[in-house]
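Results of the structural survey
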Amino acid sequence: MNKNTAVYPGSFDPITNGHLDILHRGLRVFDRIIIAVARNSQKNPLFPIDERVELIRRAVGNDSRIEVDTFDGLLVNYVFSKGARVILRGLRAISDFEYEFQVAQTNRTINEKIETIFMMTSLPFSYLSSSVVREVAVLNGPVDSFVPEIVKEALEKKFAERQALPREEKKL
Ligand code: ADP
């Protein structure tokens, strides 16, 4: 068991500067962070899981303190299996609170040994989410201040590919 390892779970569809902010601030508190991409969180992701993992790997670079992984099923079981005891989550507006409260209480009921730690968003990212990024990108808007360069390129490529698709396959 490693008290200094945290699991940072999410969909990361795609990873944004808001995610990276929580990750880097998290590394001031924890020695090691496992970014865990949920396989079953969304039915219709923009980026398939392998692409999301690849984008995260390229966005975080080579840092021995960061591991990028995927998980299936119950998060607490995954956290336990990795020898970690902490789940790291970011909080933005008050609207995040209700959902996060429910999930944290449920996870604690399932396994009381695992704690969820919340970090408050940094002001510049307080309204930033992957879904906002997807919505701006589909309209060809500028995403430079929202995501790292490689994610911007991947979004451009993705939507260029979609332009070539028949109308009914273009939905977000
Ligand atoms: P999920 O579908 O599990 O919410 P996300 O990829 O949307 O997955 O988010 C993963 C985690 O990152 C969540 O804890 C979320 O609150 C946090 N997060 C996302 N964007 C931001 C941001 N701009 N500032 C702070 N935390 C964020």
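Per chain, the residues get numbers from 1 upward, laid out in the order the sequence is written. Local features in this predicted model are restricted to residues whose pLDDT is 70 or higher, and side-chain atom pairs enter the listing and the counts only when it is 80 or higher, whereas totals over whole chains, interfaces and linings include all residues. To obtain the side-chain values, all non-hydrogen atoms of the structure were used and water was disregarded.

1. A word on the sheet that holds strand 1 (residues 2-10)
Note on pairing: two strands pair once DSSP finds at least 2 bridges between them. Put simply, DSSP H or I for four residues or longer makes a helix, DSSP E for two residues or longer makes a strand, and each gets a number counted from the N terminus. Spatially, 3-2-1-4-5 is the arrangement adopted by the five strands of the open sheet, whose pairing is parallel. Of all the strands in the sheet, just strand 3 (66-71) and strand 5 (115-120) have a single pairing partner and so form its edges. Ignoring which end each strand starts from, the neighbouring axes of this sheet average 30° apart. Pairing of strand 2 (residues 32-38) with strand 3 involves six bridges; the strand directions are parallel. Of the residues in strand 3, the one forming a bridge with A36 is D69. Whether two residues are in contact is decided by their heavy atoms, any of which lying within 4.5 Å being enough. Only the contacting stretch of a helix is used when fitting its axis, a line to C-alpha atoms as for every element, and angles between N-to-C directions run 0 to 180 degrees. Across the sheet, helix 1 (residues 17-26) is in contact with strand 1, strand 2, strand 3, strand 4 (84-91) and strand 5; its angle to strand 5 comes to roughly 115°.

2. Topic: the side chain of S122
By the element assignment, S122 lies in the loop between strand 5 and helix 5 (130-138). S122 has contacts with D21 and R25, leaving out every residue within four places of it along the chain.

3. Section: the site of the ligand
Neighbouring the ligand are 14 residues, the closest being Y8, S11, G90, T121 and F125. Polar contact criterion, stated in full: a pair of N or O atoms within 3.5 Å, where within protein one must be able to donate a hydrogen and the other to accept it, and residues adjacent in sequence count only if both atoms are side-chain atoms. In the environment of the ligand, a nitrogen atom lies 2.8 Å from a nitrogen or oxygen atom belonging to the backbone of F125. For the ligand, the protein covers 87% of the area, taking 550 Å² as the surface of the free molecule. Elements supplying a minimum of two residues to the shell around the ligand: strand 1, helix 1 and strand 4. Definition of nearness: a residue and a molecule or strand are near each other if at least one heavy atom of the residue lies within 4 Å of the molecule or strand. To be clear on the numbers: accessible area is Shrake-Rupley with a 1.4 Å probe, and residue cover counts the displayed protein chains and nothing else.

4. Description of the pattern of salt bridges
One speaks of a salt bridge when a side-chain nitrogen belonging to Lys or Arg is within 4 Å of a carboxyl oxygen belonging to Asp or Glu. Within this structure, the stated rule accounts for ten salt bridges. Ionic pairing is found between E67 and R32, a salt bridge with its closest N-O pair at 2.5 Å. Here R32 lies in strand 2 and E67 lies in strand 3, a separation of 35 residues in the sequence. Residue burial is assigned from relative accessible area. The probe radius is 1.4 Å, only protein chains are included, and a residue is buried under 20% of its type maximum, exposed over 50%, and partly exposed in between. Look at R32 and you get partly exposed, because its relative accessible area is 28%. A salt bridge links D144 to K152; the shortest N-O distance between them is 3.0 Å.

5. Let's talk about helix 6 (residues 149-163)
Residues spaced three or four apart along an α-helix point in a common direction, a consequence of the helix completing one turn every 3.6 residues. One less than the residue count of a helix, multiplied by 1.5 Å, gives the span that helix is expected to have. Its 15 residues give helix 6 an end-to-end C-alpha distance of 21 Å, which sits within 8% of 21 Å, the value for a rise of 1.5 Å per residue. Residues of helix 6 that are buried make contact with helix 2 (49-60) and helix 5.

6. Observations regarding helix 1
Burial within helix 1 is extensive, with nine of its ten residues counted as buried. All buried positions along helix 1 are accounted for by N17, G18, H19, L20, D21, I22, L23, R25 and G26. With a side-chain oxygen positioned 3.1 Å from the backbone nitrogen of G18, the residue opening helix 1 is T16.

7. Points about the nonpolar core
Buried Ala, Val, Leu, Ile, Met, Phe, Trp, Tyr and Cys residues that are joined via side-chain atoms within 4.5 Å together make up what is termed a nonpolar core. Residues I56, V60, L88 and L155 are the most contacted members of the largest nonpolar core, which totals 35 residues. Of all the secondary-structure elements, those providing two or more residues to this core are strand 1, helix 1, strand 2, helix 2, strand 3, strand 4, helix 5 and helix 6. Those residues in contact with L88 that lie beyond four places of it in its chain are A6, V7, Y8, P9, I22, G26, F30, I33, I117 and M119. Counting residues in hydrophobic clusters, the runner-up holds twelve residues, among them I34, V76, Y78 and A84.

8. Quick look at the packing of helix 2 against helix 6
Where helix 2 meets helix 6, the axes come as close as 9 Å, and the angle between the chain directions of the two elements is 150°. If you check the angle between helix 2 and helix 6, you find them roughly antiparallel. Two secondary-structure elements touch here, helix 2 through E51, L55, R58 and A59 and helix 6 through I150, V151, A154 and K158. For this classification, the nonpolar set comprises Ala, Val, Leu, Ile, Met, Phe, Trp, Tyr, Cys and Pro, the charged set comprises Asp, Glu, Lys and Arg, and every other residue, Gly included, is treated as polar. Tallied by class, the residues present in the contact of helix 2 with helix 6 amount to five nonpolar, no polar and three charged. Angle categories: roughly parallel below 35 degrees, roughly antiparallel above 145, roughly perpendicular from 65 to 115, and oblique for all the rest.

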